[in-house]
Amino acid sequence: MSTARAVVVTEPGDTSVLEVLEREVPEPAPGEVQVELAAAGVNFYDVYVRQGVYPTPTPFVLGNEGSGTVVAVGAGVEDVAVGDRVAWGQSGSSQATLVNVPAAKVVPVPDGVDLVDAAAAMLQGLTAHYLVTSTYPVREGDVALVHAAAGGVGQLLVQMIRNRGGIVVATAGSEEKLAIARGRGARHTINYREVGDLAAAIREAAGGGVHVAYDGVGKDTFDASLASLRRRGMLVLFGGASGQVPPFDLQRLNSAGSVYVTRPSLAHYVEERDEFLSRSAELFEWIRTGAVELSIGGRFPFARAAEAYDALEGRRTTGKLVLIP
Ligand code: NDP
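Residues numbered from 1 in each chain as written. Predicted model: local features only at pLDDT ≥ 70, side-chain atom pairs only at ≥ 80, totals over all residues. Heavy atoms only, no water.

1. Some remarks on the overall build of the protein
So, point 1. Across its full length, the protein holds nine helices and 16 strands.
So, point 2. Taking 2.2 N^0.38 as the reference for a compact globule, 325 residues should give roughly 20 Å; the C-alpha atoms of the protein span a radius of gyration of 20 Å, in line with that estimate.
So, point 3. With the C-alpha coordinates aligned to their principal axes, the bounding extent of the protein is approximately 60 × 40 × 35 Å.
So, point 4. Evaluated residue by residue, the protein yields a buried proportion of 53% over its 325 residues.
So, point 5. For the protein, long-range pairs separated by at least 24 residues make up 68% of all intrachain contacts whose partners lie at least 6 apart in sequence.
So, point 6. Computed over 28 positive and 37 negative side-chain charges, the separation of the two mean positions in the protein equals 8 Å. (Helix = DSSP H or I, 4+ residues; strand = E, 2+ residues; numbered from the N terminus. Rg over C-alpha atoms; globule rule 2.2 N^0.38 Å. Buried < 20%, exposed > 50% of the residue type's maximum accessible area, 1.4 Å probe, protein only. Contact = heavy atoms within 4.5 Å. Lys, Arg positive; Asp, Glu negative; His and termini not counted. Charge placed at Lys NZ, Arg CZ, Asp CG, Glu CD.)

So, in structure tokens, the structure goes:
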């Protein structure tokens, strides 16, 4: 048994419920590895968990993504060894100096990829990867809408679409954020907090409508995303930073031009170990070669975790925030 410092949710609520506490960490169970944490990611998913949207018995250690060096392995673990540099996503209780993670959830971090970048890439990077390669595989010349394009997933989407030969129409909530989106390769940018008719502005920029709309903002943008599609286009609703989209009349798909709507989750695109390994290997290769650049928008010690989440929830961030213990 070892001890670790951890970011703990003491009861469901706002960021005032976060505390840094000492916790006991058992030896890794069969099938687990124990990792000394290098960095942990700050994600919207953690907000939903902290608020109790996904009920979890309290107290619990927050966090769903991280990276570090393996210091012990449990029985039956064969493809991960002490000393390996690894990263993981979608495994809870990650914001602790020592973390036990199922070996099936970790991937190797190749030489040439920094551990902080690796932690930052797992959820947002793999999400952008499956959205542009599998949910709607972007083709040369496609016009793609990306909302919140200066955000974590947003900046990665813009770069990956550009790399596949797509044309990006980007939205964001300030001039500074629009400049970031242009720097990442967006051809057209729209401040959706100032424009009157958002769908009309998108359609005009797109020259008639977009082939695909990637929408992680949800409630506030869904209607405009739908109305901005060209005939038989696809709306990919992948999140609800502004709130969840209310129930929806399927007849609207017809009147919008025989369009498609899907609501994907990363979990369903990395469930098979082979798919998880091949997606993360390709993503790390893009990062190592500079084809995709990560933007670390802030590094916070555990003691300032509340500040990091307040900034994320308050729309004051660009790129990815990480916690460094
Ligand atoms: P971001 O860095 O994109 O931060 C969210 C951004 O959304 C804000 O910066 C803000 O940008 C915009 N926004 C618009 N309205 C609001 C609002 N009312 N409150 C807060 N933000 C708002 O976050 P992430 O990159 O971490 O996540 C983006 C989305 O992706 C989230 O919805 C998340 O849940 C989802 N996600 C989905 C996954 C999946 O597999 N389905 C996996 C991982 C993440 P601006 O100021 O420009 O408007």
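There's more to say after this.
2. Quick word on unusual backbone geometry
So, point 1. In this structure, Pro59 follows Thr58 across a cis peptide bond, with omega equal to -5°.
So, point 2. Residue placement: Pro59 occurs in the loop between α1 (44-51) and β4 (60-61).
So, point 3. For Arg315, which is not a glycine, the phi torsion comes out positive at approximately 65°.
So, point 4. The residue Arg315 is located in the loop between α9 (305-313) and β16 (320-323) in this model.
So, point 5. Classification of Arg315 by relative accessible area gives partly exposed; the value is 42%.

3. Here's the deal with the site of the ligand
So, point 1. Around the ligand, the structure places 28 residues, and the nearest of them are Tyr130, Lys177, Tyr192, Leu266 and Arg315.
So, point 2. Within the side chain of Tyr48, one N or O atom sits 3.2 Å away from an oxygen atom of the ligand.
So, point 3. Tyr192 is positioned such that a nitrogen or oxygen atom in its side chain is 2.5 Å from an oxygen atom of the ligand.
So, point 4. For the ligand, whose accessible area on its own is 910 Å², the fraction buried by protein is 89%.
So, point 5. Elements with a minimum of two residues in the shell around the ligand: α1, α2 (115-135), α3 (152-163) and α9.
So, point 6. Top contributing element to the shell around the ligand by residue count: α2, with three residues.
So, point 7. Its residues placed into classes, the shell around the ligand shows 13 nonpolar, 11 polar and four charged. (Near = heavy atom within 4 Å. Polar contact = N/O pair within 3.5 Å; in protein donor to acceptor, adjacent residues only side chain to side chain. Areas by Shrake-Rupley, 256 points an atom, 1.4 Å probe, with all protein chains shown as cover. Nonpolar A, V, L, I, M, F, W, Y, C, P; charged D, E, K, R; others polar.)

4. As for the environment of Phe222
So, point 1. With respect to the helices and strands, the residue Phe222 is situated in helix α6 (residues 222-227).
So, point 2. Relative accessible area serves as the criterion here: at 5%, Phe222 is assigned to the buried category.
So, point 3. Sequence separation of Phe222 and Val82 is 140 residues, and the distance between their C-alpha atoms is 46 Å.
So, point 4. Once residues within four sequence positions are removed from consideration, Phe222 is found in contact with Asp215, Leu235, Leu237, Val245, Phe248, Arg252 and Val261.

5. Let's talk about the pattern of salt bridges
So, point 1. Going through the model one piece at a time under the given rule, you end up with 10 salt bridges.
So, point 2. Note that Glu313 is salt-bridged to Arg50, the shortest N-O span being 2.9 Å. Of this pair, Glu313 sits in helix α9 while Arg50 sits in helix α1; the two residues are 263 residues apart in sequence, bridging distant segments of the chain.
So, point 3. The class for Arg50 is buried, based on a relative accessible area of 2%.
So, point 4. Among the ionic pairs, Asp142 bridges to Arg139, the shortest N-O distance being 3.4 Å. (Salt bridge = Lys/Arg side-chain N within 4 Å of Asp/Glu carboxyl O.)

6. So, the confidence of the model for the protein
So, point 1. Confidence along the protein averages 96 in pLDDT terms, with 100% of residues attaining 70 or more.
So, point 2. For this predicted complex, the interface confidence comes out at an ipTM of 0.99, alongside a pTM of 0.96. (pLDDT = per-residue confidence, 0-100.)

7. Remarks on the nonpolar core
So, point 1. Judged by nonpolar contacts, the single largest core of 43 residues is most densely connected at Val146, Leu157, Ile161, Tyr214 and Phe284.
So, point 2. When residues of this core are traced back to their parent elements, those giving at least two are α2, β9 (143-146), α3, β10 (167-172), β12 (210-215), β13 (229-237) and α8 (273-289).
So, point 3. Apart from residues no more than four positions distant in its own chain, Leu157 is found in contact with Ala128, Leu131, Val132, Val146, Tyr214 and Phe238.
So, point 4. Of all hydrophobic cores here, the second largest spans 34 residues; its members include Ala40, Val61, Val86 and Phe300. (Core = buried A, V, L, I, M, F, W, Y, C linked by side-chain atoms within 4.5 Å.)

8. Comments concerning helix α4 (residues 175-184)
So, point 1. Restricting attention to buried positions, one finds in α4 the residues Lys177, Leu178, Ala181 and Arg184. Looking straight down α4, one finds that the buried residues subtend no more than 115° of arc, so they occupy a single side. Along α4, the residues that are exposed and aim more than 90 degrees away from the buried face are Glu176 and Gly183.
So, point 2. Those residues of α4 hidden inside the fold are in contact with α3, β10 and β11 (188-191).
So, point 3. In the stretch just after α4, Gly185 is the one whose phi turns positive, near 120°. (Arc of directions from axis to C-beta.)

9. Quick word on the sheet that holds strand β1 (residues 2-9)
So, point 1. In space, the three strands of this open sheet follow the order β2-β1-β4, with antiparallel pairing throughout. Two strands close off the open sheet at either side, each with one partner strand: β2 (18-25) and β4.
So, point 2. Relative to β4, β1 runs antiparallel, the two being bridged by two bridges. What sits directly across from Val8, in β4, is Val61. (Pairing = 2+ DSSP bridges.)

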